[in-house]
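Each chain, written out:
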Amino acid sequence: MSPPRPGEPDPTDPGHLAALFRRAGRVPAPATRTRDTRRDQPLEAPHQHVRDSAPRTPAAPGGGDPGYRIRTGPSGPGTGFTRPHHGHSGMVGEQPVHPIPGLYWHPVKEPDPALVAELDRRIGHWAVHEVDLYPPEWEEQFVAFDFGRYVALTSPHAAGLDHLEAAARLLVAENAVDDCYCEDHGGSAHGLGARLLMAHSALEHPYSVEPYESEWLRHLDSEAPCRAYRSAMDFFDGLAPDQIRDREIHDLARLHLGYLAEAAWETEQRVPTVGEYLMVRQYNSFRPCLTIVDVIDGFALPADLHDHPAVQQVLALGSLATTLANDLYSYTKELRAKRPHVNLPTVLQRHEGLEPREAFRKAIGIHNTAQHRFEAAAAAAKTRLPDPTTAAYLDSVADWIDGNHWWHATNTRRYTLPDFGDPS
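In short, a report on the structure. Values in this document were obtained by computation on a predicted structure and should not be read as measured data.

## A word on the packing of aromatic side chains
Under the definition given, this model contains twelve aromatic pairs. A centroid spacing of 5.3 Å and a plane angle of 55° characterise the contact between Tyr-331 and Phe-360, whose relative ring orientation is tilted. In this pair, Tyr-331 is assigned in helix H14 (residues 309-335) and Phe-360 in helix H16 (residues 356-384), connecting sequence segments 29 residues apart. Across the pair, exposure class does not vary: Tyr-331 and Phe-360 are buried alike. Aromatic rings pair up to connect Tyr-134, Phe-142, Phe-145, Phe-147, Tyr-150, Phe-286, Trp-400, Trp-407 and Tyr-415 into one cluster. A cation over an aromatic ring shows up here: Arg-169 above the ring of Phe-235, its NZ or CZ 4.1 Å from the ring centre.

If you want it as structure tokens, here you go:
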């Protein structure tokens, strides 16, 4: 970033960045707070984050109200392919935009570039200097992921920079475990269970007996993904109540279970059925990111509300829909990978005898139906649980899903669309 001209604010100055949050309405007035009694860390009162639910004028991509979300169109099985969102294509700022034709999605507001730059600086310093996460030859891939913009897009109402950094650290660590233990940076299906058990033990202090406990901790410190997991969770721990830390660890276990299922398919050289694949994609999914949106936005959803079946249904459907969007945007990238990848279009192609273009088209429809089901379940949960904290949490989940799509649609350094023409 070039230095500011005389008279201009320095975008890396903490005071300037705090002002960005205040102008965007992301930091509520501090008059009412609750506290985590163990750490005495302030948590914003949840009602401060509830956004007006009255209909508003749609926000075009790159502008408008970041809390806006379209809630129109049909829902339920069989209707998802009939009403795609009439999206935007072309350029947003310096970001090329390539949404998948026919995909149902909602526009979001682009984050402030100075905020993104500061997040990138923090995340890069942590990854390189604090946990020594990756060798120099991986830097281009790390930069191309665009982690700062990712977390700013997916948490537009974050309580502050530390909260966004906490989300980013966990996201980076999850990707490191996936890349290094499962995927193309040394990963393998063989022996994956032992590597994931080791990684999972880095999320919470592993208690044993001496000298074995200390030996195990030293072993974790020798593994870069484990160092990242430990450091990310410790940082998050400073912002979250105990119950939410445990909630996040539980959802990371779900993620690891999904990794193991996909490893089993690879070792068995088997393509799962469509139903089996869709079930696993609720586990190997973005759910660990969705489950902590309350902490990142500065409040805590109580356990009795989070664990309610209606909220759990929303999380399962949201996890599925957003991960299927990833399948579609990753399709071409995964075809070029050295190791074979299973995604929804390839599963449909194998088990339903479809040509690649038709399989991709049908996968779009399945995503759209899942997204509509998520939205219908969220509306039903708000009616069934008329609590402002629940509404705030479900709105934040929807914000995350919308921002995640927009990141995929604009990250052309990472993703390209298949040359099928317009699948709609």
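## Some thoughts on helix H9 (residues 242-268)
End to end, H9 covers 39 Å across 27 residues, agreeing with the expected 39 Å (1.5 Å per residue, within 8%). Immediately beyond the C-terminal end of H9, within one or two residues, lies Gln-269, with a positive phi of roughly 50°.

## A short note on helix H17 (residues 388-410)
Compared with an ideal rise of 1.5 Å per residue, which puts 23 residues at 33 Å, H17 spans 33 Å between its outermost C-alpha atoms and is within 8% of the ideal. In terms of burial, H17 is a largely internal element, 22 of the 23 residues being buried. A distance of 2.7 Å separates the backbone nitrogen of Thr-389 from a side-chain oxygen at the start of H17, and that oxygen is part of Asp-387.

## A look at the pattern of salt bridges
One pass over the structure, following the stated rule, counts 19 salt bridges. The partner of Arg-169 in a salt bridge is Glu-130, and the shortest N-O contact between them spans 3.6 Å. Residue Arg-169 is found in helix H5 (residues 161-182), and its partner Glu-130 is found in helix H2 (residues 113-130); the two are separated by 39 residues along the sequence. A residue is classified by how much of its surface remains accessible, and Arg-169, at 6% relative accessible area, is buried.

## Let's talk about the packing of H5 against helix H8 (residues 224-237)
Angle between the axes and distance between the axes: these two values describe a pair of packed helices. It is at 9 Å that the axes of H5 and H8 come closest, and there the two elements cross at 160°. Put simply, H5 runs roughly antiparallel to H8. As H5 runs across H8, the sense of the crossing is left-handed. For the pair H5 and H8, contact is made by Asp-162, Glu-165, Ala-166, Arg-169, Leu-170, Ala-173, Glu-174, Ala-176, Val-177, Cys-180 and Tyr-181 and by Pro-225, Cys-226, Ala-228, Tyr-229, Ser-231, Ala-232, Met-233, Phe-235 and Phe-236, respectively.

## Some thoughts on unusual backbone geometry
In the segment running from Glu-210 into Pro-211, the intervening peptide bond is cis, with an omega of 5°. Of note, the phi angle at Asp-132 is positive, near 50°, even though the residue is not glycine. On the secondary structure map, Asp-132 appears in the loop between H2 and helix H3 (139-145). Here Gln-269, not a glycine, exhibits a phi torsion of approximately 50°, which is positive.

## Some details on the packing of helix H6 (residues 192-201) against H9
Running from N to C, H6 and H9 point in directions that differ by 170°, and their axes come no closer than 10 Å. Looking at the two axes, H6 sits roughly antiparallel to H9. Note on element contacts: H9 touches H6 through Ile-249, Leu-252, Ala-253, His-256, Tyr-259, Leu-260 and Ala-263, opposite Leu-192, Gly-193, Leu-196 and His-200. Here the residues of the contact of H6 with H9 are counted per class, giving eight nonpolar, three polar and no charged.

Criteria and cut-off values
- Residues numbered from 1 in each chain as written.
- Predicted model: local features only at pLDDT ≥ 70, side-chain atom pairs only at ≥ 80, totals over all residues.
- Heavy atoms only, no water.
- Phe/Tyr/Trp six-rings, centres within 6.5 Å; stacked < 30°, edge-to-face > 60°.
- Helix = DSSP H or I, 4+ residues; strand = E, 2+ residues; numbered from the N terminus.
- Buried < 20%, exposed > 50% of the residue type's maximum accessible area, 1.4 Å probe, protein only.
- Lys NZ or Arg CZ within 6 Å of the ring centre and 35° of its normal.
- Expected span 1.5 Å × (residues − 1).
- Polar contact = N/O pair within 3.5 Å; in protein donor to acceptor, adjacent residues only side chain to side chain.
- Salt bridge = Lys/Arg side-chain N within 4 Å of Asp/Glu carboxyl O.
- Axes fitted to C-alpha atoms, helices over the stretch in contact; angles between N-to-C directions.
- Parallel < 35°, antiparallel > 145°, perpendicular 65-115°, else oblique.
- Left-handed = near helix turned anticlockwise from the far one by under 90°.
- Contact = heavy atoms within 4.5 Å.
- Nonpolar A, V, L, I, M, F, W, Y, C, P; charged D, E, K, R; others polar.

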